[in-house]
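Structural overview for review
Take a look at the letters that make up each chain.
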Amino acid sequence: MMAEKTLVLKSSPHFRDRDSVPKIMYAVVISLIPSAAASVYFFRLRAVLLYVVCITVCLTTEAVFLRTRKKPLHSLGDGSAVITGLLLAMTLPPATSLDIAAIGAVVAIGLGKQVFGGLGHNIFNPALVGRAFLQTAFPVAMTTWIPPAVLKVDVATFATPLGHLKFEEAVAAGTLTPLKDLFWGNVGGCLGETSSLALLLGAVYLFYKKAIDWRIPLGIILTLSVFTGFFWLLQPQTYASPLFHILAGGLIIGAFYMATDMVTSPINPLGTWVYALGIGLLVGLIRLFGGFPEGVMYSILFWNTFVPLLNRYTRPRILGERRRR
Amino acid sequence: MRAKSFPHGVHPPEHKELTEDKPLIPLPAPEKVIIPLHQHFGSPAEPLVQRGDEVALGQKIGEGKTLFSASVHASVSGKVLSVEAYNHPLGKPVLSVAIGNDGEDRRSNQIQETEDPFVLEPAQIIHKVKEAGVVGLGGAAFPTSVKLSPPKDKPIDTVIINGCECEPLLTADYRLMLESPEDILNGTELIRIATRAERIILGIEDNKKAAYDTFLEKSAGREVEVALVKTKYPQGAEKNLIQALLRREVPAGGLPFDVGVVVQNVGTAKAVWDAVSHGRPLYERAVTVTGNGIKEPKNLLVRVGTTFQEAIDFCGGLTEEANILVMGGPMMGLAQWTADVPVIKGTSGILAWSAAEVITEYTCIRCGRCVDHCPMRLVPTQLMKYVRYEHLAEAENWGVMDCVECGSCQYTCPANIPLVHWIRLGKTQVSTARRKKSA
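Calculation notes
Residues numbered from 1 in each chain as written. Chains lettered and ligands numbered in written order. Predicted model: local features only at pLDDT ≥ 70, side-chain atom pairs only at ≥ 80, totals over all residues. Heavy atoms only, no water. Buried < 20%, exposed > 50% of the residue type's maximum accessible area, 1.4 Å probe, protein only. Helix = DSSP H or I, 4+ residues; strand = E, 2+ residues; numbered from the N terminus. Pairing = 2+ DSSP bridges. 1 Å grid on protein atoms, 1.4 Å probe; cavity = no way out; pocket = protein on both sides within 12 Å on 5 of 7 lines; lining within 4 Å. Points joined across faces, edges and corners; volume = space filled by probe spheres on them. Axes fitted to C-alpha atoms, helices over the stretch in contact; angles between N-to-C directions. Parallel < 35°, antiparallel > 145°, perpendicular 65-115°, else oblique. Contact = heavy atoms within 4.5 Å. Nonpolar A, V, L, I, M, F, W, Y, C, P; charged D, E, K, R; others polar. Buried area = accessible area lost by both parts, 1.4 Å probe. Salt bridge = Lys/Arg side-chain N within 4 Å of Asp/Glu carboxyl O. Polar contact = N/O pair within 3.5 Å; in protein donor to acceptor, adjacent residues only side chain to side chain.

Observations regarding the pairing of strand β9 (residues 158–163) of chain B
Residue and element names in this part refer to chain B. Taking burial as the measure, the six residues of β9 include six buried ones, the bulk of the element. Of the two faces of β9, the one carrying Thr158, Ile160 and Asn162 and the one carrying Val159, Ile161 and Gly163 are both buried. Strand direction decides the pairing type here: β9 and strand β12 (residues 261–265), joined by five bridges, are parallel. Its bridge partner lying in β12, Val159 is registered against Val262.

Here's the deal with the sheet that holds strand β3 (residues 46–47) of chain B
All names here are of chain B. Taken in spatial order, the three strands line up as β3-β5-β6 in an open sheet, and their pairing is antiparallel. The open sheet has two edge strands with one neighbour each: β3 and β6 (72–73). Summarising the sheet, strand β5 (residues 60–63) and β6 pair through two bridges and their orientation is antiparallel. Looking at the pairing, Lys60 lines up with His73 of β6.

Re empty space enclosed by the protein
Residues and elements named next belong to chain A. Tallying each qualifying case throughout the model produces seven cavities of 30 Å³ or more. Its boundaries defined by the atoms lining it, the largest cavity holds a volume of some 270 Å³. Lining the largest cavity are 21 residues, with Met25, Ile83, Leu87, Asp261 and Met262 sitting closest to its centre. Element by element, the count of residues in the lining of the largest cavity is highest for helix α4 (residues 80–90), at four residues.

A few points about the packing of helix α3 (residues 172–179) of chain B against helix α7 (residues 266–278) of chain B
Residue and element names in this part refer to chain B. For the pair α3 and α7, the least separation of the axes is 9 Å and the interaxial angle reads 50°. Here α7 runs oblique to α3, going by the angle between their axes. Residues Asp173, Leu176 and Met177 of α3 pack against Val266, Gly267 and Lys270 of α7. Of the residues assigned to the contact of α3 with α7, the class counts are three nonpolar, one polar and two charged.

Some thoughts on the sheet that holds strand β7 (residues 78–86) of chain B
Two strands in a sheet stick together by hydrogen bonds in their backbones, pointing the same way (parallel) or opposite ways (antiparallel). Residues and elements named next belong to chain B. The antiparallel open sheet is built from four strands, whose spatial order is β2-β8-β7-β4. What marks the edges here is a single partner per strand, and that holds for β2 (32–36) and β4 (54–55). Across eight bridges, the pairing between β7 and strand β8 (residues 94–101) is antiparallel. Bridged to Tyr86 within β8 is Val94.

A look at the interface of chain A and chain B
Across the boundary between the two partners, chain A contributes 46 residues, which contact 69 residues of chain B. Approximately 4,800 Å² of surface area, both sides summed, lies buried where chain A meets chain B, with 59% of it carried by carbon and sulfur atoms. The three residues of chain A that bury the most area against chain B are A:Phe15, A:Ile267 and A:Leu319, which together make up 17% of that side's buried surface. Joining chain A to chain B, the criterion identifies four salt bridges. Note that B:Arg369 is salt-bridged to A:Asp19, the shortest N-O span being 2.8 Å. Linking chain A with chain B are 24 residue pairs in polar contact (both at pLDDT 80 or more), by the criterion used here. Going through the elements one at a time, α1 (21–31) and α16 (307–313) of chain A are the ones with two or more residues in the side of chain A that touches chain B. For the side of chain A that touches chain B, the element with the highest residue contribution is α1(A), accounting for four residues. Taken together, the residues of the side of chain A that touches chain B break down into 20 nonpolar, twelve polar and 14 charged.

This is the structure in structure tokens:
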């Protein structure tokens, strides 16, 4: 007989997959690198400064709240505050002043996440909460656009492709931003939303890492395509094509990186479809018939509200269960 | 042939290479065996012997008196040393018969061969199975005689023989399939006769091609369908195997009977054959002793009542780093606090490796992976929250009792939440509440 060993006692299962919350979060951070790089290429030092300020202020705010709530500080390292900072910066116009960005970051983490109890408990996407706050508090700053550094145009009248579409009747005038530019990112817009290519590159990585639910981007893009496609086919001289709507504005970043936030999206497959279709439809409605040129942010925040309800009423049918009612 | 399967589930690393090529070898009977009188689902057996009695190999030493019980037999010949409570792999000490082995293996005169088992009536087969104390050898140890006696209003049309062995690391069933295919097929035929079924399907995971080929060859001329199923966990869970092979859903809260099916593990089929044909009670079983905490992993034929320590010592002992000892597979097995526990009828594996002592738990980030992988289509994270915050009625509405505790949810959980643990707690609380209500 060998000497008695002290054995670990735990309940089954004893094997587990190697993925973890921080690994998922850092996968998202890594997936955003191409877009961050693209924005630095297009907007130079402004982009770098906005990223630095947003991430630093998000982490600091998180630390202050954790400290106040007497929670262990190690959850700072889970990567979620870094994502919020990155995503917030990406939704800001490149000309946003640094103090406004900092306020947005405080609101994103404070009101968007920590007041609900921190990671896993928030209802709304924290970065979008910060952005929505800034949109209301600083409406002018949040709608002032500058062209990418590589574009030589008149700065004073510069508009985003969607703004151009909405307020300047671009389709009729034949001045709609070419799809090619939307794809590469050589257009005006928020920091991280301009280059569809860079965003899609990161999205491929997210799928590979299984860090996002494919149903969400697919559902959003399909609904938006059908909705905008319907009007485009009806009146091509007034409405832009579905492909334009997919590539322009914040749709790609919203569909792949924000609506897919695990904490604020549904857990059941049916609920996820309803959520995705709802967002796609609402984006279409706002863009085509609303007062704003862009509607991704409000659509996601609106549907975030319904996630608890969707989770409750879309329970999957249990194997062998016969549904009454 | 395309492998059949069920939706959801997981694919943990298999690590079967440690023992899959190691034939089953008998572990020499120890000097003393400790045979618990409770090794099965149901009520304990009552002792038939007392201290000082001489017993023979295969002699009945505990009688399963109720329907949901099973008799227990001596696994060596010799003298009864004590009848008292002893450590048990399921946790609580259990009344056990300790027998000093005289090394002679004198066979009990209760053991009698049957000349032609295939002409027996169903009732005779079931009687012999009950007398031999046969229980399900897949792990749950449900009394086989009960499974062979479906209620009159629930006719059985199909017998499914479970050769999935979907738990990682375990290879004992695989070796049985390679080494005793005839016995398994014969036992299967007896099960078919006993349940008056028409069809027999043998389901084997596609990582055990050698076993599949063996059965294809051996089943020629027999009315047995050998089916390949996908290597996926928990393919061998009764309800999922039925779903994969027959596309039938066992109703929630119901049993395979309800859809005309009886599922038996390959080891159980062999035990049925041994019991009915040779009159041999279940006092020995195939056990995989493995994991990187075991110096020389092996597949063993172990007498019931041998301690884990003896089986481990025969396999070169534990490594320095080994700090967890598990009975069963790594997904559903039970961690042990000591190696001084006896092998029981439900011991399919003895595993050891080195496990992290502290695991960081995060809050649920609602990723939904548990929902995507639950083979019962439950919402584990929601069940966990209902149990945690004591909403038992909600937990029940959301199907907490349908959980089979396979562990797929917790396997995929990136937040390391002990989901199965919470759900088990909920199940216990709900059944306690139900019992109180009916009392």
